[in-house]
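One letter stands for each residue in the lines below.
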Amino acid sequence: MSRRTESDGNYPGTETERVEKYYIKYSFITAIFRNLASNILNDIRIKTIMIQKFDFLIIGGGIAGMSYALSVANSGKGKVALICKTSLDEANTAKAQGGVAAVTNLALDNFEKHINDTMVAGDYISDPEAVEHVICNAPEAIKALVGWGVNFDKNENGEYDLHREGGHSDFRILHHADDTGFEIQRGLMEAVRKNKHIVVLENHYAVEIITQHHLGIEVTRKTPNIECYGAYILNPETQKVDTFLSKVTLMATGGVGAVYSMTSNPVIATGDGIAMAYRAKATVKDMEFVQFHPTVLYNPSETHPAFLITEAMRGYGAILRLPDGKELMQKYDKRLSLAPRDIVARAIDHEMKIHGLDHVCLDLTHKDAEETKRHFPHIYKKCLSIGIDITKEYIPVCPSAHYACGGIKVDLNGESSIRRLYAVGECSCTGLHGGNRLASNSLIEAVVYAKSASEHSLQMVDSYSFNLDVPEWNDEGTMTNEEHVLITQSVREVGEIMSNYVGIVRSDLRLKRAWDRLDLLYEETERLFKRVTATKDICELRNMINVGYLITRQAIERKESRGLHYTVDYPKHAYDQKQQEQG
């Protein structure tokens, strides 16, 4: 092969030398392009797995979350994000039929009576400060709801048309026909969607809240000054877990009813916020106090949610009967059908067991038919759709898991034991409910504590900063069809365990059996969670198991029957047992 000289104007050297030098040259160019491609791919990945910053991160879109969002949105203190695991209109709030308890007619009612009713219903273990805080601030909370566009029924004099419900000594329940929760959800949704300062992210699912643990620091239940830096959120479009950094995080994730096989709650009520906070080492309290609504419509085809028959019906004059027409409450309480929920639910449960019944009945046939239709139009229509005319026939009803009195322990500001983490609504434990929730106290509690939490967090937010050292979520793993089937089966098993062993009536033997079976499910699910990608289904299963464990453990620890917790092994109050021992 001939050699060319430099004066030829071409690249010098032999053909082999030229090829080698071209290779070096183009390798260098290729390396540059590879770097560029890598950077582009990295940019795409960053866009796929996003890191977002919000001054206020709200997890949950019911009355609690939306009230808080509206309270902080116009403060000028920063960006607000409202995270909903489904759509904004699917919150548990919309299922509440009864109403909102507040003293609005001081000529007939007063705060002291409402406070006393709450303490009695709570079996005298409600926190007096929390009770006073909610009840004395309830009228202002009603004004806030009305200001946000919520409507309550009024009488011909232009005054609120007040109902009375079980456990209340007076007429103080504000309502909107028999779909008060739906009206509240509608009014708040409209106000939230109109507010340009609130970013609503629907179908986004919170996987975990972020603390020092995610920075590689060991965090235990004894660790002081645990802080919340935001949450890992599953993005429905990318199916990746994004990092949401925040200065303040509010948990407003609702209840736990879906851990039972029949509940008045929607299927989304899997206790997510309580479970996430517990795993982050927050204090969780009073989980043994699960309220079973005494009257949901008995319809085996509808269990999540079972259709609620509001307690306002018993306040209106409905009578509980056995299917043969015999009254049943006179054996259990002098207040008859107006006794508190725990007493009524336990009475119905006992009658169903001794008579081998699937349900008992609610009788409205003695009331004026047109008035009944006017007061309860949605219940009338629903029952008619399955062939029952409630003005002429008994309504078949049975108890169903309904409300969790316990949850994430918070102070009067709504702040949990983890700094920068607040909790409001059913996922919180303010101390208001004690051993049993008084009917219609929960919706007003959510609004009052949302205001308290907003006022405190607005005072504190400027002293907080975003923690930029938080790592991305590790999203390695896959999910097979078989694993999807196992998750579905495990969810069903949790419901059966809780309903069979941790229901209205409990015993040491039943609770121990629940504990053992939940422990097996926990070990299986945690092994699965570590090897698969995070999905909503497996995260919900983890949360349900965590919540089931908390209810069971705290039920085991309470060696007495009190409020909603009734055990055949300790049928008396602790103080009754002590008096008996001393006597």
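Note that the coordinates shown come from a computational prediction; the quantities given were computed from them, not determined experimentally.

The next point concerns the overall build of the protein chain. The secondary structure content of the protein chain amounts to 15 helices and 18 strands. In the protein chain, which comprises 583 residues, the share counted as buried stands at 54%. Contacts in the protein chain between residues far apart in sequence, at least 24 positions, make up 74% of those at least 6 positions apart. Surface summary for the protein chain: the accessible area is close to 25,800 Å², and the carbon and sulfur share equals 51%.

Here we take up the layout of surface pockets. Here the largest pocket is characterised by a volume of approximately 880 Å³. Secondary structure elements with two or more residues in the lining of the largest pocket: β6 (205–210), α6 (272–279), α13 (508–531) and α14 (536–557). Counting residues per element, the lining of the largest pocket draws most heavily on α13, at seven residues. Residue composition of the lining of the largest pocket, grouped by class: 15 nonpolar, seven polar and 11 charged. By volume, the second largest pocket amounts to about 480 Å³.

Further remarks concern empty space enclosed by the protein. Applying the stated criterion across every chain yields a total of three cavities of 30 Å³ or more. In this structure, the second largest cavity occupies an estimated 60 Å³ of space. The wall of the second largest cavity is formed by Val290, Phe292, Asp342, Ala345, Arg346, Ile504 and Leu564. Here the lining of the second largest cavity gets three residues from one element, more than from any other, and that element is helix α8 (residues 341–355). Looking at the lining of the second largest cavity residue by residue, the class counts come to five nonpolar, no polar and two charged.

The strand order across the open sheet built from three strands is β9-β14-β16, with neighbouring strands paired in mixed fashion. Edge positions in the sheet fall to β9 (284–285) and β16 (428–429), since each of these pairs with one other strand and no more. Bridge analysis of β9 against strand β14 (residues 407–409) gives two bridges, and the strand direction is antiparallel. The residue of β14 that forms the bridge with Lys285 is Gly407. Seen against the sheet, α6 touches β9 and β14 and runs at an angle of roughly 45° to β14.

This part is about helix α2 (residues 63–73). In terms of residue burial, α2 counts as a mostly covered element, since 10 of its 11 residues are buried. Taken together, the buried positions of α2 are occupied by Ile63, Ala64, Gly65, Met66, Ser67, Tyr68, Ala69, Leu70, Val72 and Ala73.

What follows covers a negative patch on the surface. On the surface, Glu493, Glu496, Asp519, Glu523 and Glu524 cluster together into a negatively charged patch. For the negative patch, the elements supplying multiple residues, two or more each, are α12 (481–501) and α13. Positionally, Glu523 belongs in helix α13.

Right, let's talk about the pattern of salt bridges for a bit. Applying the stated rule across the entire model yields 32 salt bridges. Between Glu190 and Lys194 there is a salt bridge, and its shortest N-O distance comes to 3.5 Å. Of this pair, Glu190 and Lys194 both sit in helix α5 (residues 180–194), separated by four residues, roughly a single helical turn. A relative accessible area of 65% places Lys194 in the exposed class. Across the salt bridge formed by Arg542 and Glu526, the nearest N and O atoms sit 2.9 Å from each other. A residue pair is termed long-range when its members are at least 10 positions apart, and Arg542 in helix α14 and Glu526 in helix α13 qualify at 16 residues. The pair Arg542 / Glu526 is uniform in exposure class, with both members buried. What emerges from the salt-bridge pattern is a single network uniting Lys85, Asp272, Lys536 and Glu540.

Conventions used here
- Residues numbered from 1 in each chain as written.
- Predicted model: local features only at pLDDT ≥ 70, side-chain atom pairs only at ≥ 80, totals over all residues.
- Heavy atoms only, no water.
- Helix = DSSP H or I, 4+ residues; strand = E, 2+ residues; numbered from the N terminus.
- Buried < 20%, exposed > 50% of the residue type's maximum accessible area, 1.4 Å probe, protein only.
- Contact = heavy atoms within 4.5 Å.
- Areas by Shrake-Rupley, 256 points an atom, 1.4 Å probe, with all protein chains shown as cover.
- 1 Å grid on protein atoms, 1.4 Å probe; cavity = no way out; pocket = protein on both sides within 12 Å on 5 of 7 lines; lining within 4 Å.
- Points joined across faces, edges and corners; volume = space filled by probe spheres on them.
- Nonpolar A, V, L, I, M, F, W, Y, C, P; charged D, E, K, R; others polar.
- Pairing = 2+ DSSP bridges.
- Axes fitted to C-alpha atoms, helices over the stretch in contact; angles between N-to-C directions.
- Patch = residues over 30% accessible without salt bridge, like charges linked within 9 Å, V, L, I, M, F, W, Y side chains within 5 Å.
- Salt bridge = Lys/Arg side-chain N within 4 Å of Asp/Glu carboxyl O.
- Lys, Arg positive; Asp, Glu negative; His and termini not counted.
- Charge placed at Lys NZ, Arg CZ, Asp CG, Glu CD.

Any functional reading would require information beyond the geometric quantities listed.
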